[in-house]
Amino acid sequence: MKLIKKVMHSTGEMEAKVSLTTSEDLWNLYNIIVPGDLLEAVTRRKVQKENSVGTVATEVKTLNLRIEVIRVEFTPDELRVQGVNKTPNTHVTLGAHHTLTIHYDPPQTVTFVKKEWDEVAKERLQDACNQEGKCDTAAILMDMGVANVILVTPSLMISKAKVEVTISKKHKNDGSARDKSIVKFFKQTLDAVFAHIDIEKLKLILLCSPGHVRDEFFAYMKEQSMRSDDMRSRLLQKNLSKFVLVKVNSCTHDGLREAFLDPTVAIKMSSTKCVDDIRVWERFQVTMNKDPDLCVYTPQCVLQAALSGAMCCLMISDVVFRSEKPVERRFYLSLVNFAKKTGGCTVNIFSSSHVTGEQLSQLGNIAAILLFACPDADDIEIDPDFLESEEVAAFIRENISRAPTA
């Protein structure tokens, strides 16, 4: 993401113009804008026009619209932003509903205005516009007959392709059918790698599997790189050093989590954010198994631990900052501010599109490791309407803050 312009208005609103060029840029924009913000972009809209003889014709107009955001939907290829028009226009009336579709290919420029410019949004924009260390990692998770090709960025894990080939059984006197099926599997996997990831732009490609499938596939790639002098073989030979073989227990996301914990992988990764998050999550799980009194989750229990000064490490999923409820967004923002203000507590905001965020969602999108046991948190009766309580409202009033102008 490239920051083209950033202006703080006297009203306290922040306006920024950015250029989007990758799927990760879409994800970062998805995490920055919330309902109530304004978003401006070039869009197309069908317009009906009646001619002189009374015939109604429909034509597609290219317009520059600014809408007030109601809902945002993300896919790795596009953002769909639903809202109401705030731009006086001859073709679209004020207040009319419209959906902006934001792409990164070809690159697209958008302008957004945030009514609430907070510290989390500020850090997200800074990280998104920091182009250093953004080189992606790819992972090939394999088992015999199954391979998943995954693109890994600091915020996203995108499944690019899945290969499934039935491997024939090895007969006593003839293993040719099995050998042929394995070669077919390896060929399709390598085809998927070339079709879905740009190995020249990557710094690291993880080759993970149980057993010895990864070793056999790597040997197959070496053989293919030396077999002919075409462009694909030369490209493969040039980039074989980027492949790191890692033993894991499965070819699922859990296997990828194991790979990230490998010391060799952690050293080689350009961006260590997801590695750091996984280490924190592993620490939480180890603590939960050894001393569960030092772990809390759910907003109510975590707040009680924070107020008691017991919190050592706060883990929050970024999904809570995209909530359509302003009170919910402000509560979690206030909790982050409180944790940073009190000192001695680290804050990790997990991406909901990484393995850590997926696992944290099962605990209510928030958890904490404690410095000492907090008995009061264990005795709390969970209130499903806790975020609407006066206790939360008072906490927000005391701890909500806006990001500095700079």
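None of the values given here were measured: they were computed from a predicted structure.

1. Section: the overall build of the chain
Now for step 1: In terms of helices and strands, the chain carries 13 helices and 16 strands.
Now for step 2: A fraction of 67% describes how many contacts in the chain between residues 6 or more apart in sequence connect residues 24 or more apart.
Now for step 3: For the chain, the computed accessible surface area is about 20200 Å², with 49% contributed by carbon and sulfur atoms.

2. Examining the domain arrangement of the chain
Now for step 1: Once the domains are mapped, the chain shows domain 1 (2-129), domain 2 (137-269) and domain 3 (284-399).
Now for step 2: Listed by partner, the interface residues are 13 residues for domain 1 and 14 residues for domain 3.
Now for step 3: Taking both partners together, domain 1 and domain 3 bury about 1100 Å²; carbon and sulfur atoms supply 51% of that area.
Now for step 4: Of all residues in domain 1, Trp 27, Glu 116 and Val 120 bury the most surface against domain 3, accounting for 39% of the area lost on that side.
Now for step 5: Run the count over domain 1 and domain 3 and you get 4 salt bridges.
Now for step 6: Its salt-bridge partner being Arg 124, residue Asp 318 comes within 3.5 Å of it at the nearest N-O pair.
Now for step 7: Remark: the boundary between domain 1 and domain 3 carries 5 residue pairs in polar contact (both at pLDDT 80 or more).
Now for step 8: Listing elements by their share of the side of domain 1 that touches domain 3, those giving two or more residues are α1 (23-32), β4 (56-75) and α2 (119-129).
Now for step 9: No other element matches α2, which puts 4 residues into the side of domain 1 that touches domain 3.
Now for step 10: For the side of domain 1 that touches domain 3, a count of residues per class yields 6 nonpolar, 1 polar and 6 charged.

3. Details of the pairing of strand β6 (residues 97-103)
Now for step 1: Residues His 98, Leu 100 and Ile 102 line the buried face of β6, whereas the alternating positions His 97, Thr 99, Thr 101 and His 103 sit on a face that is not buried.
Now for step 2: In this sheet, β6 lies alongside strand β5 (residues 78-85) in antiparallel orientation, the contact comprising 7 bridges. Residue pairing in the sheet places Gln 82 in a bridge with Thr 99 of β6.

4. Let's talk about the sheet that holds strand β8 (residues 137-143)
Now for step 1: Overall, mixed pairing links the 5 strands, which are arranged β10-β9-β8-β11-β12 in an open sheet. What marks the edges here is a single partner per strand, and that holds for β10 (157-164) and β12 (243-247). Recorded for the sheet is a direction-independent mean angle of 20° between the axes of neighbouring strands.
Now for step 2: The pairing of β8 with strand β9 (residues 146-152) spans 7 bridges and is antiparallel. In the strand pairing of β9, Met 142 is matched with Ala 147.

5. As for the pairing of strand β11 (residues 204-209)
Now for step 1: Among the 6 residues in β11, 6 count as buried, and that is most of the element.
Now for step 2: Because side chains alternate across β11, one face comprises the buried residues Leu 204, Leu 206 and Cys 208, and the other comprises Ile 205, Leu 207 and Ser 209, equally buried.
Now for step 3: Sheet topology places β8 next to β11; 5 bridges connect them, and they run parallel. Counted as the bridge partner of Ala 139 is Leu 206 from β11.

6. Remarks on the sheet that holds strand β13 (residues 295-297)
Now for step 1: Strand order in the open sheet made by the 4 strands is β13-β16-β14-β15, with mixed pairing throughout. Of all strands in the sheet, those with a lone pairing partner are β13 and β15 (346-350), marking the two edges. The average angle at which neighbouring strand axes cross in this sheet is 15°, direction not considered.
Now for step 2: In terms of strand pairing, β13 meets strand β16 (residues 366-370) through 3 bridges, oriented antiparallel. Residue pairing across strands places Val 296 opposite Ala 368, the latter belonging to β16.

Conventions we followed
The residue numbers shown here count from 1 along each chain, following its written sequence. Side-chain atom pairs in this predicted model are given and counted only at pLDDT of 80 or more, local residue features only at pLDDT of at least 70, and totals for whole chains, interfaces and linings cover all residues. Each side-chain value is worked out from all heavy atoms of the structure, with water and hydrogens disregarded. Secondary structure counts use DSSP, requiring at least four H or I residues in a row for a helix and at least two E residues in a row for a strand, with both numbered from the N terminus. What makes two residues a contact is simply this: any of their non-hydrogen atoms within 4.5 Å. Only the protein chains shown count as cover for residues, and the accessible areas themselves come from Shrake-Rupley with a 1.4 Å probe. Start and end positions for the domains come from either an automated domain assignment or a database one. The buried area of a pairing is the accessible area, by a 1.4 Å probe, that goes missing from both parts when the two are put together, added over both. Salt-bridge detection follows one rule: a side-chain nitrogen of Lys or Arg within 4 Å of a carboxyl oxygen of Asp or Glu. Any pair of nitrogen or oxygen atoms within 3.5 Å is treated as a polar contact; in protein, a donor-acceptor pairing is required on top of that, and neighbouring residues in sequence qualify only through side-chain atoms on both sides. By the convention adopted, Pro, Cys, Tyr, Trp, Phe, Met, Ile, Leu, Val and Ala count as nonpolar, Lys, Arg, Asp and Glu as charged, and the other residues, Gly among them, as polar. Classification of residues uses two cut-offs on accessible area relative to the type maximum, computed with a 1.4 Å probe and protein chains only: under 20% is buried, over 50% is exposed, and between them is partly exposed. Two strands form a pair only when DSSP identifies at least two bridges running between them. Axis definition: a line fitted to C-alpha atoms, over the contacting stretch in the case of helices. Angles run 0 to 180 degrees between N-to-C directions.

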